[in-house]
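Examination of the molecular architecture
The chain contents come next:
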Amino acid sequence: MRQDHLITATQLSRDDIEAVLDRAREVADDPAAYADRHAGRVLALCFFEPSTRTRMSFDSAAKRLGIDTIDMGDVGSSSVSKGESLSDTVRVIEGYADALVLRHPSEGAATLAAEHVSVPVVNAGDGAGQHPSQTLLDLHTIRENHGLDDLTVGIMGDLKYGRTVHSLAAALTEFDANQHFISPESLRLPRSVRFDLHETGAQVREHTDLEDVIDELDVLYVTRIQKERFPDENEYHRVAGEYQIDAETLDDAADDLTVMHPLPRVDEIAPDVDETDHATYFEQAHNGVPVRMALLDTLLENAEAAEGMEVDR
Amino acid sequence: MSEHELRVSKIRDGTVIDHVEGGQALNVLAILGIDGSEGFGVSVGMNVPSDRLGRKDIVKVEERELSQSEVDVLSLIAPEATINIVRDFEVVEKNRVTRPDSVTGVLSCPNRNCITNADEPVDTRFDVVADGVRCDYCSTILRADIADHIDV
Ligand SMILES: [Zn+2]
């Protein structure tokens, strides 16, 4: 990967993705070899929206590379609540750190941040936009279970606002996967994501019923449907109920179907699925650390190489 | 004397924007930031019969020539438009508009949750795609509704 930042999954080629995943495999096999690789570096964790696992996962990944982390803390207690712009905030934090991880409630926030700073920026979620580091760990999980060729993937739930879905769908086109999107009509993929899929000539079908495709899938990626997306609670319960799975739902599935979820789950996946061989979501969550180590390692290496080039000139 | 010349009189110096899709003339004026308060002459012909478009609009603006960025945005809502520069009653230059690769700072993003709508010191930037424009920040695509989002 020769990128300076990781902002969207659409910027990643198959080679970029495989290079990070190869490195993630190396990291997982021999973490000690990476322990002090970036000693003395500092990573800033800038979360303008609450997050536990993504923040902790980046924090852990950084520390395992010898990187110190600084955290701007909860939004309520920072200068953001005093009305400072994101542009100003990242320009200030740039002076404290060698790279920034940014989560923000507005779409396009990471793109804007990257325009203002010269250190690498990782988009850890921008509103209903993108979440590309999640996609890298999703792909790592798929690769370790199925490989990335000849895949048929079903993505179900809130496809409209689900940033992990938008990133994953874009990245899967690099592997010519067959993609099935299963959602209520009101939460189907946004126009901009469908436009990109169409542009790449991706194999894409949309469904309202999981039953229509469950037996064809290698991977079922389930996402949460949030209550806030519906005008009233009854409507939410009626619709969300149709997109929950349990062990019985998977009766018709292939034996080696991999069930994934970006977590946290509420009741989209019943606990009885955890007992089946299909359940892969905890493995998926654990993959966050080696994959984010590989990602940070790559971005910092690129940044150092770029600095070297500037000195040569 | 042709029919549209009867409806919209000749100008001495300025710009004639011809072959505007019927119904878009007022949006053209909006793009140019013209509301009549500037004091120069403006004539608008709407739904004039046209061989090429069926019905077309024409906008004539006296004492005013267009900048490139104005022409760029104009091309999005009036892709067939021709721009005639008039000096001393003569057309001295006649150009078709061409679609630009991107437009900066003229359109506002329709996505309320876009970072460009969040009080940041940033100009909007839209890539021109197949049949519309696309926000560089949030990827939202604007098609037929472009004219509703002209930020003037
Ligand atoms: Zn936007």
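Residues numbered from 1 in each chain as written. Chains lettered and ligands numbered in written order. Predicted model: local features only at pLDDT ≥ 70, side-chain atom pairs only at ≥ 80, totals over all residues. Heavy atoms only, no water.

1. Description of the overall build of chain B
- In terms of helices and strands, chain B carries 3 helices and 9 strands.
- Here chain B has a C-alpha radius of gyration of 16 Å; the compact-globule value for 152 residues is 15 Å, and the two agree.
- Across its three principal axes, chain B shows a C-alpha extent of roughly 50 × 30 × 25 Å.
- In chain B, which comprises 152 residues, the proportion classed as buried is 48%.
- Restricting the contact set of chain B to residue pairs at least 6 apart, pairs at least 24 apart contribute 59%.
- The distance from the centre of the 16 positive side-chain charges to the centre of the 28 negative ones in chain B is 5 Å. (Helix = DSSP H or I, 4+ residues; strand = E, 2+ residues; numbered from the N terminus. Rg over C-alpha atoms; globule rule 2.2 N^0.38 Å. Buried < 20%, exposed > 50% of the residue type's maximum accessible area, 1.4 Å probe, protein only. Contact = heavy atoms within 4.5 Å. Lys, Arg positive; Asp, Glu negative; His and termini not counted. Charge placed at Lys NZ, Arg CZ, Asp CG, Glu CD.)

2. Re the coordination of the zinc ion
Residue and element names in this part refer to chain B.
- Protein coordination at the zinc ion comes from C109 (SG), C114 (SG), C135 (SG) and C138 (SG), with a distance range of 2.3 Å.
- Counting the intervening residues between successive donors of the zinc ion yields the motif C-x4-C-x20-C-x2-C. Taken together, the residues span a long stretch of sequence, with C109 in the loop between strand 6 (102–104) and strand 7 (125–129) and C138 in the loop between strand 8 (132–135) and strand 9 (141–142) at a distance of 29 residues. (Donors = N, O, S within 2.8 Å, 3.2 Å for Na, K, Ca; no water.)

3. Observations regarding helix 8 (residues 233–241) of chain A
Residues and elements named next belong to chain A.
- For helix 8, the complete set of buried residues consists of Y236, V239 and A240. In an axial view of helix 8, the angular spread of the buried residues amounts to 95°, which keeps them on one side of the axis.
- The N-terminus of helix 8 is capped by D232, whose side-chain oxygen sits 3.2 Å from the backbone nitrogen of N234. (Arc of directions from axis to C-beta. Polar contact = N/O pair within 3.5 Å; in protein donor to acceptor, adjacent residues only side chain to side chain.)

4. Thoughts on the sheet that holds strand 6 of chain B
Residues and elements named next belong to chain B.
- Spatial ordering of the open sheet is given by 6-7-8-9, a layout of 4 strands whose pairing is antiparallel. Edge positions in the sheet fall to strand 6 and strand 9, since each has one partner strand and no second.
- The pairing of strand 6 with strand 7 spans 3 bridges and is antiparallel. In the strand pairing of strand 7, V103 is matched with F126. (Pairing = 2+ DSSP bridges.)

5. Comments concerning the domain arrangement of chain B
Residues and elements named next belong to chain B.
- By domain assignment, chain B separates into domain 1 (12–94) and domain 2 (100–147).
- For domain 1 versus domain 2, the distance between C-alpha centres works out to 24 Å.
- Counting from both sides, the interface comprises 7 residues of domain 1 and, opposite them, 8 residues of domain 2.
- For the pair domain 1 and domain 2, the interface holds 0 salt bridges.
- In this structure, the connection of domain 1 to domain 2 is made through 0 residue pairs in polar contact (both at pLDDT 80 or more).
- Looking at the side of domain 1 that touches domain 2 element by element, the count peaks at 5 residues for helix 3 (residues 68–77).
- A breakdown of the residues in the side of domain 1 that touches domain 2 according to their chemical character gives 3 nonpolar, 3 polar and 1 charged. (Domains from an automatic or database assignment. Salt bridge = Lys/Arg side-chain N within 4 Å of Asp/Glu carboxyl O. Nonpolar A, V, L, I, M, F, W, Y, C, P; charged D, E, K, R; others polar.)

6. Some thoughts on the sheet that holds strand 7 (residues 203–207) of chain A
Residue and element names in this part refer to chain A.
- Reading across the sheet, the 5 strands line up as 7-6-5-8-9 and stay open at both edges, with parallel pairing between neighbours. For this open sheet the edge positions go to strand 7 and strand 9 (258–260), each flanked by a neighbour on one side alone. Averaged over all pairs of adjacent strands, the angle between their axes in this sheet comes to 15°, without regard to strand direction.
- Each of strand 8 (219–222) and strand 9 is contacted by helix 5 (residues 132–146), which is oriented at about 165° to strand 9, the strand it contacts most. (Axes fitted to C-alpha atoms, helices over the stretch in contact; angles between N-to-C directions.)

7. Let's talk about the interface of chain B and chain A
- Each partner contributes residues to the interface: chain B has 19 residues there, and chain A has 17 residues.
- On inspection of chain B and its partner chain A, the count reaches 2 salt bridges.
- The salt bridge partner of R125 of chain B is E115 of chain A, with a shortest N-O separation of 2.9 Å.
- At the junction of chain B with chain A, the criterion picks out 11 residue pairs in polar contact (both at pLDDT 80 or more).
- When residues of the side of chain B that touches chain A are traced back to their parent elements, those giving at least two are strand 7 and strand 9 of chain B.
- Its residues assigned to classes, the side of chain B that touches chain A shows 10 nonpolar, 3 polar and 6 charged.

8. Let's talk about the packing of aromatic side chains
All names here are of chain A.
- Following the criterion strictly, the structure yields 2 aromatic pairs over all chains and no others.
- Arranged with centres 6.1 Å apart and planes meeting at 55°, the rings of F230 and Y236 form a pair that is tilted. Taken individually, F230 and Y236 each receive the classification buried, so the pair is uniform in this respect.
- Over the face of the ring belonging to Y161 we find R229, whose NZ or CZ atom lies 3.9 Å from the ring centre. (Phe/Tyr/Trp six-rings, centres within 6.5 Å; stacked < 30°, edge-to-face > 60°. Lys NZ or Arg CZ within 6 Å of the ring centre and 35° of its normal.)

9. Digging into unusual backbone geometry
- Look at the link from L263 of chain A to P264 of chain A: it is a cis peptide, with omega at 5°.
- Here P264 of chain A shows up in the loop between strand 9 and helix 9 (271–274).
- One non-glycine residue, D88 of chain B, adopts positive backbone phi at about 55°.
- Structurally, D88 of chain B is set in the loop between strand 4 (82–87) and strand 5 (90–96).
- One non-glycine residue, S139 of chain B, adopts positive backbone phi at about 75°.
- You can see S139 of chain B is positioned in the loop between strand 8 and strand 9.

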